[in-house]
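# A structural walkthrough
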Amino acid sequence: MLAFTKNGAFVGIDNFVKVFADYRFWPAVQHVALFVAIWLVSLTLLVVLLALLVHAIRVRWLSSVSRFLFYIPGALAGASSVMLWLFLLDPAVSPVAGILQLFGFETFVQTVSIDNLPVIFTLIAFWAGAGGWIIIMYGALNNIPVEVMEAARIDGAGPIGTAWHIQIPLMRKWISYMAVMSLAAGTQLFVEPRVLSQASKGVVPPDYSLNQLAYLFAFRQNDFNGSAAISLLLLVVAAGLSALFVFRGGLFERE
Amino acid sequence: MSASERLTVKTDAPRGSRSLPPGPGRWIGRVLAWSVIGVFLLFFVVPIAWLILAPTKTARQLLLDNPFSFGGFETLAANWGELMAFQNGIVWVWLGNATLYTGVALVITLVVSIPAGYALAMVEFRFRRALLVTTLIVMLIPNTALVLPIFLELSALKLVGTPLSVILPFSFFPFGVYLTYIYFSTAVSRDLLNAARIDGAGEFRVFAQVAMPLATPVIALVGFFSLVGNWNNYFLPFVMVPGRKSPIQVGLAELLSNVPLFNPTTAGSVTISLPVLALATILSVAPVLVIFLFSQRFLVSGLTAGGTKE
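Computed from a predicted structure; not experimentally measured.

### Quick look at the overall build of chain B
Counting its secondary structure elements, chain B contains 17 helices and zero strands. Across the 310 residues that make up chain B, the buried fraction comes to 47%. The contacts in chain B between residues at least 6 apart in sequence include a share of 70% that link residues at least 24 apart. Carbon and sulfur atoms make up 69% of the accessible area of chain B, which totals about 14,900 Å².

This is the structure we're talking about:
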């Protein structure tokens, strides 16, 4: 693997030492960690809440229409969704300019200042990704046998009690699945900061996230070894998380 | 769940326990629930509504008019013309590239992952379990984590810059294998296949004439996920095939660098105005959006297929 060599010779962990010592590495780790933390918490809380609420809708077509509307932004993933959010975040053209100004943002550059970025990326990711999870959670809720729900109601549990004591514990597998998948995906942040950095005249730095840094190493500095070292770190984190989940989560046990 | 949330649950529980007769507390809860749903519906829908209206306006109207006003069809046509004129209609080249990459990858994915999932589910062979676990682990790794390793690999093979460098990684779709595996191992009975074997059908015929027709739903699902995921993939083609060979998602970011508002230093003489950029954004997702609309019904039920088979 390239991560352990330089000019073809084996150099052990030198590349890792160099990457760790790079002044851009730790800020990138912090950025990504902060984003992932905010994203995971809000994603979990809101998706569970919305799935429960949509599930509680009795009118059939209303429930499926709202599921579909939640899901639609999923079609605009990747660069397209960031593009759309560029408009939304620019107070000059945004349809929600009022809300932006409420927070004191008068220009696009102010909106995307570096302290706001974790929240902005959370918004973008939630907007495009939450719908799919809501549908999956909805499916999990549908799988809870009617008798169990019935029994809870006879025992005097209201909708909130039922949700807390029965529905959420039974959804736990799916919630942890979502958390692990999102955690792994969140560490890979690339397209959002990349497009925003392009659009904001450098206010969003080109080395905001780890994947961007790996890209810079490879294509700006022609240092494929350093790039491979970062990629390998990210890969180990992602593979470790998913392995942990496969072996410990038991979600895929069926034999 | 946060502490505050737990608190509300506790205080609310006794109120909710007066189950059937709808008291005032019940109504407050209901109004609250609907307003939460309403707020989030707006959150999900408003950006799209705005995006659809934006290309009907001129850049000036976009800044000054009501955000949800409709501009006019002439303006839409003018914006369309401007987009088409950009670098002699390179938008079509990008769209064509995207279609080529995702299309070929779709075919390869289906040809590979459906039989693979079938074999994993139906045939006992050595290392089957190891193979299955590997598939699961790789499936859970986000594909952006693999982009740079794949790039290094393909550059060693001197494939970077060719369509193959995008198509091959696009065709690698362990999730499809897993989905097919789940489907065959739970929804298709082995007895049925054995019956076909007793009737004298060879292994290949069993697969092609019995198993495949039964698997149509899962084939559609795998195809859908592969198509949407690959169409929207940005990082991989961005690294592999820059310039004229890039698919529309990468091209879109290219367009962005020609918008003077976001990039005052842009060197190109031809600039792109905001409504044109919005139009390009719509164009870039239109194929996926159409697929979404058509597969709406089976998606909303089908996405949960893995769940119902638990």
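That was the structure; now back to the text.
### A look at the overall build of chain A
Of the regular secondary structure elements, chain A holds 13 helices and two strands. Within chain A, the proportion of its 255 residues that are buried is 57%. When the accessible surface of chain A is totalled, it reaches about 10,700 Å², and 66% of it is carbon and sulfur.

### Let's talk about the nonpolar core
The tendency in soluble globular proteins is for nonpolar side chains to be buried side by side. Within the largest apolar cluster, 166 residues are counted, with the highest numbers of intra-cluster contacts made by Val47 and Leu196 of chain A together with Leu83, Tyr234, Leu255 and Leu277 of chain B. Among the elements that line this core, the one with the most residues is helix α7 (residues 117-142) of chain A, at 16 residues. When residues of this core are assigned to domains, at least three map to each of domain 1 (3-81) and domain 2 (90-256) of chain B. Leaving out residues up to four positions away in the same chain, Tyr234 of chain B has contacts with Ala79, Phe190, Val191, Arg194 and Val195 of chain A together with Gln249, Val250 and Ala253 of chain B. Counting five residues, the second-largest nonpolar core is a separate cluster that includes Leu235 and Ala238 of chain A together with Ile141 and Ala145 of chain B.

### Points about the side chain of Thr135 of chain B
Structurally, Thr135 of chain B can be placed in helix α6 (residues 128-140). Its relative accessible area of 13% is what places Thr135 of chain B among the buried residues.

### Notes on the interface of chain B and chain A
Listed as interface residues are 83 residues of chain B and, on the opposing side, 87 residues of chain A. Note on chain B versus chain A: buried area summed over both sides is about 7,700 Å², and carbon and sulfur give 78% of it. In this assembly, chain B and chain A are joined by zero salt bridges. Among the residues making up the side of chain B that touches chain A, the classes are represented as 58 nonpolar, 18 polar and seven charged.

### A short note on the pattern of salt bridges
Residue and element names in this part refer to chain B. What the rule picks out here adds up to one salt bridge over all chains. Residue Arg197 pairs with Glu203 through a salt bridge whose shortest N-O separation is 2.5 Å. Given a relative accessible area of 30%, Arg197 falls into the partly exposed group.

### Let's talk about the side chain of Asn79 of chain B
All names here are of chain B. By the secondary structure assignment, Asn79 is in helix α4 (residues 73-85). Accessibility expressed as a relative area gives 5% for Asn79, which makes it buried. Within the local environment of Asn79, its side chain forms a polar contact with the backbone oxygen of Pro55, the two atoms lying 2.7 Å apart. What Asn79 contacts, discounting residues up to four positions off in sequence, is Pro55, Lys57, Pro275, Val276 and Leu279.

### So, the packing of α7 of chain A against helix α11 (residues 191-199) of chain A
Residues and elements named next belong to chain A. For the pair α7 and α11, the least separation of the axes is 11 Å and the interaxial angle reads 115 degrees. Crossing handedness for the pair α7 and α11: right-handed. For the pair formed by α7 and α11, the contact residues are Leu117, Ile120, Phe121 and Ile124 on the first element and Glu192, Pro193 and Leu196 on the second. Classifying every residue of the contact of α7 with α11 gives six nonpolar, no polar and one charged.

### Here we look at the packing of aromatic side chains
Residue and element names in this part refer to chain B. Using the criterion set out here, one finds 25 aromatic pairs over all chains in the structure. Between the aromatic rings of Tyr118 and Phe207, the centroid separation amounts to 4.7 Å while the plane-to-plane angle is 55 degrees, which identifies the pairing as tilted. Residue Tyr118 is located in helix α5 (residues 90-122), and its partner Phe207 is located in helix α11 (residues 203-214); the two are separated by 89 residues in the primary sequence. The same class applies to Tyr118 and to Phe207, which are both buried.

### Observations regarding the confidence of the model for chain A
If pLDDT is low for a region, its predicted coordinates should not be looked at in detail. Mean pLDDT over chain A works out to 78, with 91% of the residues at or above the 70 mark. Across chain A, helix α2 (residues 25-56) of chain A holds the top mean pLDDT of 86, while strand β1 (residues 5-6) of chain A sits lowest at 56.

### What about unusual backbone geometry?
Glycine aside, the phi torsion of most residues is negative, and most peptide linkages are trans. Residue and element names in this part refer to chain B. The backbone of Phe127 sits at a positive phi, close to 65 degrees, despite the residue not being glycine. By the secondary structure assignment, Phe127 is in the loop between α5 and α6. Notably, Lys158 is not glycine yet its phi reads approximately 60 degrees, a positive angle. Inspection of the secondary structure puts Lys158 in the loop between α7 (147-156) and α8 (164-171).

### With respect to α8 of chain B
All names here are of chain B. The buried fraction of α8 is high, at six of eight residues. Along α8, the residues classified as buried are Ser165, Val166, Ile167, Pro169, Phe170 and Ser171. Elements that come into contact with the buried residues of α8 comprise α5, α7, α12 (216-232) and α13 (235-240).

### Thoughts on a nonpolar patch on the surface
All names here are of chain B. A cluster of nonpolar residues, Leu100, Val104, Val107, Ile108, Val111 and Val112, forms a patch on the protein surface that exposes about 470 Å² of accessible area. Mapped onto the elements, Val112 comes out in helix α5. Classification of Val112 as partly exposed rests on a relative accessible area of 48%.

### Concerning the packing of helix α4 (residues 78-89) of chain A against α7 of chain A
Packed helices, taken two at a time, are described by their axes: the angle between them and the distance between them. Residues and elements named next belong to chain A. Remark: α4 packs on α7, axes separated minimally by 11 Å, with the N-to-C direction vectors making an angle of 125 degrees. Accordingly, the angle class assigned to the pair α4 and α7 is oblique. The interaxial crossing formed by α4 with α7 has right-handed handedness. Contacts between α4 and α7 involve Ser81, Leu84, Trp85 and Leu89 from the first element and Ile120, Leu123, Ile124 and Trp127 from the second. Here the residues of the contact of α4 with α7 are counted per class, giving seven nonpolar, one polar and no charged.

Calculation notes
- Residues numbered from 1 in each chain as written.
- Chains lettered and ligands numbered in written order.
- Predicted model: local features only at pLDDT ≥ 70, side-chain atom pairs only at ≥ 80, totals over all residues.
- Heavy atoms only, no water.
- Helix = DSSP H or I, 4+ residues; strand = E, 2+ residues; numbered from the N terminus.
- Buried < 20%, exposed > 50% of the residue type's maximum accessible area, 1.4 Å probe, protein only.
- Contact = heavy atoms within 4.5 Å.
- Areas by Shrake-Rupley, 256 points an atom, 1.4 Å probe, with all protein chains shown as cover.
- Core = buried A, V, L, I, M, F, W, Y, C linked by side-chain atoms within 4.5 Å.
- Domains from an automatic or database assignment.
- Buried area = accessible area lost by both parts, 1.4 Å probe.
- Salt bridge = Lys/Arg side-chain N within 4 Å of Asp/Glu carboxyl O.
- Nonpolar A, V, L, I, M, F, W, Y, C, P; charged D, E, K, R; others polar.
- Polar contact = N/O pair within 3.5 Å; in protein donor to acceptor, adjacent residues only side chain to side chain.
- Axes fitted to C-alpha atoms, helices over the stretch in contact; angles between N-to-C directions.
- Left-handed = near helix turned anticlockwise from the far one by under 90°.
- Phe/Tyr/Trp six-rings, centres within 6.5 Å; stacked < 30°, edge-to-face > 60°.
- pLDDT = per-residue confidence, 0-100.
- Patch = residues over 30% accessible without salt bridge, like charges linked within 9 Å, V, L, I, M, F, W, Y side chains within 5 Å.
- Parallel < 35°, antiparallel > 145°, perpendicular 65-115°, else oblique.

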